[in-house]
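Understanding the architecture of this molecule
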Amino acid sequence: MAMNTGRVANLEARLDHEKLDVYQLALTFCAWTQDLIDELDKKNRYRGRHIKDHLDRASLSILLNTAEGNGKRQKQIRAKFFDDARGSATECSACLDSLVAIRCCPGGRVKEGKEMLLRIASMLTKLVQLFSGE
């Protein structure tokens, strides 16, 4: 089994959601998140465990809601899933802030993740606007 190197394998796109830039970035963020959690667990498995668990689930929620939303045919339903994914991106940002606040990790360590989340949230905002008629 291959080790997670922090990079997502470039898989051939098969379904429509895999062609979305936001989906690919969310996939990269999931891998980045797992690397961060693994790194923090090596230092102290239990410190901030609830935050790390929430970060793990919220990062996956971005990915899954983006994929499911892109598979919906009705515009309002698509917009709802993209909006839910955007909410999960906001949760992830708060989790990263919390890890810094409780001194589990330095602010510089989460900078890359926060930058990815800003891009993800921006792309999802545009998708919500596109499909909700805002």
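Refer to the preceding data block for the structure.
I will try to describe carefully the structure that is included in this document. (Residues numbered from 1 in each chain as written. Predicted model: local features only at pLDDT ≥ 70, side-chain atom pairs only at ≥ 80, totals over all residues. Heavy atoms only, no water.)

1. Things to note about the overall build of the chain
Counting secondary structure elements, the chain contains four helices and zero strands. A buried classification covers 38% of the 134 residues belonging to the chain. By sequence separation, contacts in the chain at least 24 residues apart represent 72% of the contacts at least 6 residues apart. In the structure as shown, the chain presents an accessible area of about 8,400 Å², 52% of it carried by carbon and sulfur atoms. (Helix = DSSP H or I, 4+ residues; strand = E, 2+ residues; numbered from the N terminus. Buried < 20%, exposed > 50% of the residue type's maximum accessible area, 1.4 Å probe, protein only. Contact = heavy atoms within 4.5 Å. Areas by Shrake-Rupley, 256 points an atom, 1.4 Å probe, with all protein chains shown as cover.)

2. Points about the state of the cysteines
Counted under the stated rule, the structure contains zero disulfides. With no disulfide of its own, Cys 92 has Cys 95 as its nearest cysteine by sulfur position, at a separation of 6.1 Å. Among the cysteines around Cys 104, which has no disulfide bond, Cys 105 carries the closest sulfur, lying 6.7 Å off. Judged by its relative accessible area of 12%, Cys 104 falls in the buried class. (Disulfide = S-S within 2.5 Å.)

3. What to know about the nonpolar core
Counting residues in each nonpolar core, the largest one holds 33 residues, and the members touching the most others are Phe 29, Leu 55, Ile 62, Leu 96, Leu 99, Ile 120 and Leu 124. Elements with a minimum of two residues in this core: helix 1 (21-43), helix 2 (49-71), helix 3 (75-101) and helix 4 (107-132). Here this core takes nine residues from helix 1, the largest share from any one element. Excluding residues that lie within four positions of it along the chain, Leu 55 makes contacts with Phe 29, Thr 33, Leu 36, Cys 92, Cys 95, Leu 96 and Leu 99. (Core = buried A, V, L, I, M, F, W, Y, C linked by side-chain atoms within 4.5 Å.)

4. Focus: the environment of Leu 130
As for its placement among the helices and strands, Leu 130 is situated in helix 4. Owing to a relative accessible area of 56%, Leu 130 belongs among the exposed residues under this scheme. As for Leu 130 and Gln 76, which are separated by 54 residues in sequence, their C-alpha atoms are 9.9 Å apart.

5. Structural notes on the packing of helix 1 against helix 2
Where helix 1 meets helix 2, the closest approach of the two axes is 9 Å, and the angle between their N-to-C directions is 165°. For the element pair helix 1 / helix 2, the angle class is roughly antiparallel. For the pair helix 1 and helix 2, the crossing hand works out as left-handed. For the pair formed by helix 1 and helix 2, the contact residues are Val 22, Tyr 23, Ala 26, Leu 27, Phe 29, Cys 30, Thr 33, Gln 34, Leu 36, Ile 37, Leu 40 and Asp 41 on the first element and Lys 52, Leu 55, Asp 56, Ser 59, Leu 60, Ile 62, Leu 63, Thr 66 and Ala 67 on the second. Here the contact of helix 1 with helix 2 is built from residues that sort into 14 nonpolar, four polar and three charged. (Axes fitted to C-alpha atoms, helices over the stretch in contact; angles between N-to-C directions. Parallel < 35°, antiparallel > 145°, perpendicular 65-115°, else oblique. Left-handed = near helix turned anticlockwise from the far one by under 90°. Nonpolar A, V, L, I, M, F, W, Y, C, P; charged D, E, K, R; others polar.)

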